Amino acid sequence: MLIVNAPDLRDRDVTDHGLYLKRRQFMAGVAGLGLAACSGSSPASATALRFRPNRMPIDEARTPLDDVTGYNNFYEFGTGKEDPAKYAGMMRTRPWTIVVDGLCDRPGRYAIDDLIKRFPLEERIYRMRCVEAWSMVIPWVGFPLASLIKAVGPRSGAKFVAFETLRDPRQMPGQRSSVIQWPYREGLRLDEALHPLTLLAVGLYGQTLPNQNGAPIRLVVPWKYGFKGIKSIVRIRFTDRRPQTSWQMLAPREYGFYGNVNPAVDHPRWSQAKERRIGEFFRRKTLPFNGYGEQVAGLYRGLDPRQLY
Ligand code: MTE
């Protein structure tokens, strides 16, 4: 992953959020027109979602929508932070099915809209800490991954859950280069996947997920580095073996399977002690487990935290 300096504090970082939404709706309209012009398909526009409001208060300002949707990592559309916002409109997010297979009782092909109807949506305002040492606070909308897992019934041999992103270079121009081995892959231990904080997000800021943030459905695991939050998921597989993950395949010395946020374990090329919250000027201290230690440290009892990077 590349390290990019975050922008300095700008006026827009203190702009009222209502203005952001208006501006974003305008931008979505413009982007939609662009998409229609180049692909001939109807514009994909964000729609409001019905959800239960956040029940876990967080005493930190939410990152402005423009930054959440304009500064992204989604290598399927390029390695630049602004590439996803420019090109992710090429991805068709309907119809969209997720294949669930491996060691579970009810494998099958699940349509995204059926999942959204079946599992009540809720808002979760989480910190997101990228391994590149920047961070955001994002109001996601989604449902616990545990709800889906319980519905499909993992078998007793299932110990891990593996995830894959769509692979289609016609829709994802970044896949024409082999910067990583496609499809993007991620994985969790089954107990991590079942943890109540682990979310499948289908929206943010109350609207359907923008393509650049991983539409129509992406993983959010707030105590882990952002790279674990795999986007645009098309396959979820239950397995007895620890699955291979994209970043580990690429650079095993730099990116582990766990990816737990730990300020005491530096990346081989940079410190993880501090982070730049997008929109803030001064760096802030990174918290163990990204501040979620009270809820999740028990998952790792008896393991050396230095090995859980
Ligand atoms: N998922 C896919 N499929 N491809 C990617 O390149 N990048 C990851 C993660 N999920 C990535 C991905 C990284 S490195 C980060 S930090 C987060 O997505 C960024 O999420 P955001 O752009 O919504 O902030």
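Residues numbered from 1 in each chain as written. Predicted model: local features only at pLDDT ≥ 70, side-chain atom pairs only at ≥ 80, totals over all residues. Heavy atoms only, no water.

A. Expanded view of the overall build of the chain. When you go through the chain residue by residue, the secondary structure sums to 8 helices and 12 strands. A total of 309 residues make up the chain; the buried ones form 54% of that total. Of all intrachain contacts in the chain linking residues separated by at least 6 positions in sequence, the fraction that spans at least 24 positions is 72%. With the model as given, the accessible surface of the chain reaches about 14400 Å², and the carbon-plus-sulfur share is 53%. (Helix = DSSP H or I, 4+ residues; strand = E, 2+ residues; numbered from the N terminus. Buried < 20%, exposed > 50% of the residue type's maximum accessible area, 1.4 Å probe, protein only. Contact = heavy atoms within 4.5 Å. Areas by Shrake-Rupley, 256 points an atom, 1.4 Å probe, with all protein chains shown as cover.)

B. Region of the structure containing the environment of Phe143. With respect to the helices and strands, Phe143 occurs in strand β4 (residues 134-144). The class of Phe143 is buried, set by a relative accessible area of 0%. Leave out the neighbours within four places in its chain, and Phe143 touches Leu115, Phe119, Pro120, Leu121, Leu148, Leu199, Leu200, Val202 and Ile217.

C. Just the packing of aromatic side chains, in detail. For the coordinates displayed, the defined rule picks out 13 aromatic pairs. Seen from their ring centres, Tyr71 and Trp134 are 5.1 Å apart, and the 80° between their planes marks the pair as edge-to-face. Note that Tyr71 is positioned in the loop between α2 (65-70) and α3 (83-87) and Trp134 in strand β4, a separation of 63 residues in sequence. A residue is classified by how much of its surface remains accessible, and Trp134, at 4% relative accessible area, is buried. Both rings, one in Tyr126 and one in Tyr292, keep their centres 5.8 Å apart while their planes meet at 80°; by these two values the pair is edge-to-face. Of the two residues, Tyr126 is situated in strand β3 (residues 122-129) and Tyr292 in the loop between β12 (284-285) and α8 (293-296); the sequence distance between them amounts to 166 residues. Just as Tyr126 is buried, Tyr292 falls in that class too. Through pairs of rings, three or more aromatic residues link up here, namely Tyr75, Tyr225, Phe227, Trp247 and Tyr255. Lying over the aromatic face of Tyr71, Lys81 brings its terminal NZ or CZ to 5.8 Å of the ring centre. (Phe/Tyr/Trp six-rings, centres within 6.5 Å; stacked < 30°, edge-to-face > 60°. Lys NZ or Arg CZ within 6 Å of the ring centre and 35° of its normal.)

D. How the structure looks around the UniProt feature "binding site: Mo-molybdopterin" (unreviewed entry) in the chain. UniProt's entry tags Asn72, Tyr75, Glu76, Cys130, Thr165, Asn213, Arg218, Gly229, Ile230 and Lys231 with the feature "binding site: Mo-molybdopterin" (unreviewed entry), counted in the numbering of this structure. Checked against the lining of the largest cavity, the annotated residues just named reduce to Asn72, Tyr75, Glu76, Cys130, Thr165, Asn213, Arg218, Gly229, Ile230 and Lys231. In this fold, Asn72 is placed in the loop between α2 and α3. By relative accessible area, Asn72 is classed as buried at 4%. Beyond its immediate stretch of four places on either side in the chain, Asn72 contacts Gly80, Lys81, Pro84, Gln212, Asn213 and Lys231. Here Val68 takes part through its backbone oxygen, which lies 3.0 Å from a polar atom of the side chain of Asn72. Here Arg218 shows up in strand β9 (residues 218-220). Each residue touching Arg218, except ones within four places of it in the same chain, is listed here: Trp140, Leu199, Leu200, Ala201, Leu209, Asn213, Gly229, Ile230, Lys231, Ser232 and Ile233. (UniProt positions renumbered as here; feature names shortened; annotations may be inferred. 1 Å grid on protein atoms, 1.4 Å probe; cavity = no way out; pocket = protein on both sides within 12 Å on 5 of 7 lines; lining within 4 Å. Polar contact = N/O pair within 3.5 Å; in protein donor to acceptor, adjacent residues only side chain to side chain.)

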